[in-house]
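Commentary on secondary and tertiary structure
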Amino acid sequence: MSSMGYRLAAAGACAVMGLAVAGCGSGGDAAQHDQHVLLLSIDGMHESDLADYVAAHQDSTLAKLAARGAHYTNAQAPAPADSFPGMVALLTGGSPKTTGVYYDDTWARDLLPAGTKDCATAKKGAQVALTEEIDKDTDQLDGGQGLSGLPNGIAAMTGDPSAVLDPAKLPVDPATCKPISPSDYLKVNTVFSVVHEAGQRTAWSDKHPAYQIVNGKGGRSVDDLFTPEIDSKSPKGPAWSKDVDAVKQYDTYKADAIVNEIGGKDHSGTQSPGVPAVFGMNFQAVSVTQKLPVSKGYGADGKPGAPLAASLDFVDQQIGRFVAALDKAGLGDKTTIVVTAKHGQSPIEPDALTRVDDKPIVDAVNKEWAATHPQTPKLIEHSIDDAALVWWLADARPRPPPSRSGRCSRPTAPAPISTATRSRSRRRAWTRVRSSPGPRPPSSSARPPMTLGCRTCSRAPLGRSTPRASPRSPSTVATAPTTGMSRCWSWARVSPSTMSPNRFR
Ligand SMILES: [Zn+2]
């Protein structure tokens, strides 16, 4: 394909492939000559998917980009991995601890619940679900903007999704007693903030208006943010994310926006503000196909099944459109293309996955706690069970100090789990506890919190004080086996998003 030959030109344009943003040109000509960065996330794509696809499709756009660019193969997504922590990491370089975004759905100990009017007396603690649930109208592709001619007229959707977020569904800042936007929930700025402040144009397209978060702290920094709601009703059913063909149609709306932007237009193709300096989109087709029960994603050999292979082809074709459009606009040697993935947390061996319902686990822990802590009867304030089982705990009191002998002193009350996971040494201790083979669903007789506490305190240095959790940090995180982070955490064998009728894609 001659149109891509220029990527080897001395001007230094290059493509970066792989599961991370990586610089290309390493301070040489690329940094000086490139005027645009096109960031593309292929949601759900594993490194192995990319490597296999490139090997098997030498004429594909991805193969040609990989051949001419840098292919970084050792990137990792934040854990637990999913769309919000992954996207925020790509745009900020921050870990969840820095950004405050541990998951798509989190608990904020420092905020007040949505709808709070009396901020003086309200109890702190709010769910922050950065999902379709905060749209003005979840059923509508435009989030409730009121456009006619949907779905194909979706290009007319606003470039400022703040306009279609319902303030009554947002958590409330106790300092101002006003709703806090997703972007102000983020603790840091983003690459868009930096580029925007430098006077350059920015654009992004993603799957919910809640992606208003990518503006970063401090106000609007994405000039054109096109966010059709993926979990709205589609012509094929209850959501675009429930059908392979529908999600491709959905992704094509966003891809059309990128082609418009490469041509110097806004996402709708009606204004001509110029080509953004940093822009891009997220593809959902691969992630959705991996997760739909009818598709199962991968065969027993760990290779993509026919539907997933077709979705990878679809994404490749769309990226081919971008390359052709860049070529047509004369921007081929002035643009760095980054191909990456927010996350790749779908199991490659679906049959090796054991799904465990989290409800009995959560109920058992809360029941045990309530029996011994009448003042704080509910230990788990907020729980999500998707790509990982994550708990935000109500109780964060320091545990009793260990005895001088290094053995466990018997706490007067059961040690809260929350304090057992804070330090590296303690986390290791827990890991050992959990490394016995097979799932270990807790029962009241197993009393995991007590076991945990004893093992932990015998290893903790004497006299160490227990740090308190930052307002948003989850108290307990079990990573999904597919992240490859730590096999022994898989005791929970929690059901990944793939399996539950979930909204986190
Ligand atoms: Zn996702």
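Residues numbered from 1 in each chain as written. Predicted model: local features only at pLDDT ≥ 70, side-chain atom pairs only at ≥ 80, totals over all residues.

Per an unreviewed UniProt entry, the protein carries the name Alkaline phosphatase family protein and comes from Nocardia tengchongensis. Per UniProt, the protein has the following entry under Sequence similarities (unreviewed entry): "Belongs to the sulfatase family." (UniProt positions renumbered as here; feature names shortened; annotations may be inferred.)

What to know about the overall build of the protein
Within the protein, the secondary structure is distributed over 13 helices and 14 strands. By the burial criterion, 50% of the 505 residues in the protein qualify as buried. (Helix = DSSP H or I, 4+ residues; strand = E, 2+ residues; numbered from the N terminus. Buried ≥ 20, exposed ≤ 12 C-beta atoms within 10 Å, placed from the backbone.)

Observations regarding the pairing of strand E13 (residues 389-393)
Across a regular strand the side chains alternate sides, sitting on one face of the sheet and then on the other. Of all five residues making up E13, five are buried, and the element is well covered by its neighbours. With burial as the criterion, each face of E13 is covered, one bearing Leu389, Trp391 and Leu393 and the other bearing Val390 and Trp392. The antiparallel pairing of strand E12 (residues 380-385) with E13 creates a hairpin that spans three residues between the two strands. (Pairing = 2+ DSSP bridges.)

A short note on the packing of helix H8 (residues 244-262) against helix H10 (residues 306-328)
For the pair H8 and H10, interaxial distance at closest approach is 9 Å and the crossing angle is 10°. Here H8 lies roughly parallel to H10, going by the angle between them. Helix-helix and strand crossings are classified by hand; for H8 and H10 the assignment is right-handed. Judged by residue contacts, Val244, Lys248, Asp251, Ala255, Ile258, Val259 and Ile262 of H8 engage Pro307, Ser311, Phe314, Gln318, Arg321, Phe322, Ala325 and Leu326 from H10. (Axes fitted to C-alpha atoms, helices over the stretch in contact; angles between N-to-C directions. Parallel < 35°, antiparallel > 145°, perpendicular 65-115°, else oblique. Left-handed = near helix turned anticlockwise from the far one by under 90°. Contact = placed C-beta atoms within 7 Å.)

Remarks on the nonpolar core
By size, the foremost hydrophobic cluster in this structure holds 99 residues, and its most contacted members are Leu40, Ile42, Val88, Ile213, Val214, Val286 and Val315. Among the domains, domain 1 (2-346) and domain 2 (353-492) are the pair contributing at least three residues each to this core. When neighbours within four sequence positions are excluded, Ile42 is seen to be in contact with Phe283, Val286, Val315, Val339 and Ala341. (Core = buried A, V, L, I, M, F, W, Y, C linked by C-beta atoms within 7 Å. Domains from an automatic or database assignment.)

Re the environment of His267
Tracing the sequence through the fold places His267 in the loop between H8 and strand E10 (278-283). Taking the C-beta count within 10 Å as the criterion, His267 has 29 such neighbours and is therefore assigned buried. When the C-alpha atoms of His267 and Phe226 are compared, they prove to be 6.9 Å apart, with 41 residues separating the residues in sequence. In this structure, His267 is in contact with Ala155, Gly159, Ala203, Ser205, Asp224, Phe226, Ala257, Asn260 and Glu261, ignoring residues within four places of it in sequence.

Side note on the environment of Lys233
Here Lys233 lies in the loop between strand E9 (224-226) and H8. Judged by C-beta crowding, with 16 C-beta atoms within 10 Å, Lys233 ranks as partly exposed. When the C-alpha atoms of Lys233 and Thr138 are compared, they prove to be 8.3 Å apart, with 95 residues separating the residues in sequence.

Some thoughts on the pairing of strand E4 (residues 105-108)
Burial along E4 is two-sided: the face carrying Asp105 and Trp107 and the face carrying Thr106 and Ala108 are both buried. Bridge analysis of E4 against strand E5 (residues 126-129) gives four bridges, and the strand direction is antiparallel. Of the residues in E5, the one forming a bridge with Asp105 is Ala129.

Brief notes about the confidence of the model for the protein
Counting all residues, the mean pLDDT for the protein is 78, and 72% of those residues have values of 70 or more. Counting contacts from residues 19-31, a segment whose pLDDT is below 50, to residues more than four positions away or on other chains yields 32 contacts. (pLDDT = per-residue confidence, 0-100.)

Description of H10
With 23 residues, H10 extends 33 Å between its outermost C-alpha atoms, agreeing within 8% with the 33 Å of an ideal straight helix rising 1.5 Å per residue. Immediately downstream of H10, the backbone of Gly330 shows phi near 75°, a positive value. (Expected span 1.5 Å × (residues − 1).)

Side note on helix H4 (residues 83-92)
Counting buried residues along H4, ten of its ten residues qualify, which places the element largely inside the surrounding structure. On its buried face, H4 sits against strand E2 (36-42), helix H5 (96-99), helix H7 (191-197) and strand E11 (335-340). In the stretch just after H4, Gly93 is the one whose phi turns positive, near 75°.

Details of unusual backbone geometry
A cis geometry characterises the amide bond from Ala79 onward to Pro80, with omega recorded as -5°. Tracing the chain through its elements places Pro80 in the loop between strand E3 (70-72) and H4. The omega torsion of the bond from Leu150 to Pro151 falls at 5°, within 30 degrees of zero and hence cis. Position of Pro151 among the secondary structure elements: in the loop between E5 and strand E6 (172-173). Of note, Cys177 is a non-glycine position whose phi angle comes to about 60°, a positive value. Relative to the assigned elements, Cys177 resides in the loop between E6 and strand E7 (178-179).

Focus on the environment of Thr202
Relative to the helices and strands, Thr202 is located in the loop between H7 and strand E8 (203-205). Given 25 C-beta atoms within a 10 Å radius, Thr202 is considered buried. The spacing of Thr202 and Pro276 is 74 residues in sequence and 5.0 Å in space, taken between C-alpha atoms. Leave out the neighbours within four places in its chain, and Thr202 touches Phe192, Val195, His196, Ser221, Val222, Asp223, Pro276, Ala277, Val278 and Phe279.

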